[in-house]
Structure formats: C-alpha cells, structure tokens
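If you want the building blocks of each chain, they are given just below.
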Amino acid sequence: MAVSYWLMKTEPNTYSIDDLSSDPDQKTCWEGVRNYQARNLMRDEFEVGDRVLFYHSACAEPAVVGTAKVVRAGYPDHHAWDKRSNYFDAKSTPENPRWFMVDIQLDTKFAQPVKLATMRAEPKLEGMELLRKGSRLSVQPVRKQEFDWILKLAKQLAK
DNA sequence: GCCAACGTTGGC
DNA sequence: GCCAACGTTGGC
C-alpha cells in the first residue's frame, strides 16, 4: 500500500513540536479532533507509515515546523467519553464511538520553520489545501510533491 | 482584537 | 430540507 501524506495543525500554546519531542518515545495520540471531515480521514485513510507535516497554527508565526510518522492507524478517541476531558462528547460512547484519532511519532524537527508566508510565495505549492482561502481543516491531505518541496525548503533554510 | 470563512444547530 | 443564528478557526 502506498504511503500517504498529511498535514496536521496544532496550536503551539496547547501542544507544540517541542512537546512532541519531549513525550515518551516522541509519540502522541492526536486526540480532540471534532470535525467530521478530519475524523473521516483519520478513521478511514491514515495508515501506519504515512508521513505528516507538523504545523503550528493560531500563533505569531504559522509554519510547518517538522515532520512525523503515523505509528497507529485510526482508533476511537476515548477522551470523548471521559467526562473530565475537555474533549468530552456525550454522544460518543465506547459501544458507538463518534470520534477517532491516530498516533504519530516525531520524525524530524526542522532547524528553521517553513513559514506560511514562505509557502504562499512558492509557485510549486499553489494548489495546497492549506493555502486555500478559508481553509481551516485541521487534518488535511498533502500531495507527495508538496511534501517533498517543503522538505526541500526546510533544507535550504537550514543552510 | 478584528473579521472572514466555515461548520453545526435547531426552529420551522 | 431550508436557513438564520451561533460558535469556532486562524490569519492578520
């Protein structure tokens, strides 16, 4: 099965790439996604070995800050049935889970972030979902060539 | 803090 | 099923 490419947004105030870096095994579960489109992707499309662009949003410098790998495919987000969790949803139960998540593991943290502004200026990235006006999907597919180009930009910036 | 874009809710 | 009201996202 072919590897797929994704972009996942997180607010660094809540959970940054440095948080991922300091988690055990540099792994985390991607809990709390409460959007059906994003859920469907994680539940149905994500596979172990897929590659992820780790994106910081809603912050001073929105940017792709590194990459991660999918280490566990979609499974129910149990936070949804934990009343004490911020992500609690009474309509989700263990018998009939409504929300799903995946596990990811840090691959690389970029020496320099690839900023949103930089990406906007790149003709090669023109078709990217992230750059679409009004796009706010927190889990979104990325084309291989886009993924590769962003890695290339990160390398150039590191020099 | 502003505001455009989008998703969800709920009355009808 | 329509659509107004509301809440959220996220760049600026």
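Residues numbered from 1 in each chain as written. Chains lettered and ligands numbered in written order. Predicted model: local features only at pLDDT ≥ 70, side-chain atom pairs only at ≥ 80, totals over all residues. Heavy atoms only, no water.

## Examining the overall build of chain A
Spelled out, the test is: Runs of E in the DSSP output that reach at least two residues are strands. Runs of H or I that reach at least four are helices, and both are numbered from the N terminus. With the radius of gyration taken over C-alpha atoms, the globule rule is written as 2.2 Å times the number of residues to the power 0.38. Classification of residues uses two cut-offs on accessible area relative to the type maximum, computed with a 1.4 Å probe and protein chains only: under 20% is buried, over 50% is exposed, and between them is partly exposed. Residues count as neighbours in contact if any of their non-hydrogen atoms are within 4.5 Å of one another. Only four residue types enter the charge count: Lys and Arg as positive, Asp and Glu as negative, with His and the chain ends excluded. We put the charge of a Lys on NZ, of an Arg on CZ, of an Asp on CG and of a Glu on CD.
For chain A, the helix and strand inventory stands at 4 helices and 6 strands. Sequence-ordered secondary structure for chain A, helices as α and strands as β, is β-α-β-α-β-β-β-α-β-α. Against the 2.2 N^0.38 benchmark of 15 Å for 159 residues, chain A shows a C-alpha radius of gyration of 16 Å, consistent with a compact globule. By principal-axis analysis of the C-alpha atoms, chain A measures approximately 50 × 30 × 30 Å. Within chain A, the fraction of its 159 residues that count as buried is 43%. Partitioning the contacts of chain A with sequence separation of at least 6, the portion at a separation of at least 24 is 72%. Across chain A, 24 positive and 22 negative side-chain charges occur, with their mean positions spaced 4 Å apart.

## Quick notes on the protein's contact with DNA strand C
Using the following cut-off: Any residue with a non-hydrogen atom lying within 4 Å of a molecule or strand is treated as near it. We call two N or O atoms a polar contact when they sit within 3.5 Å, provided that within protein one can donate a hydrogen and the other can accept it, with sequence-adjacent residues counted only if both atoms are side-chain atoms.
Taken together, Lys 9, Tyr 55, Ser 57, Ala 58, Pro 62, Leu 116, Arg 120 and Arg 136 make up the full set of residues adjacent to DNA strand C. Of all DNA strand C atoms lying within 4 Å of any protein atom, the proportion belonging to sugar or phosphate reaches 78%. Contacts to DNA strand C include Ala 58, whose backbone N or O atom sits 2.9 Å from a phosphate oxygen. Within the side chain of Arg 136, an N or O atom sits 2.8 Å from a base oxygen of DNA strand C.

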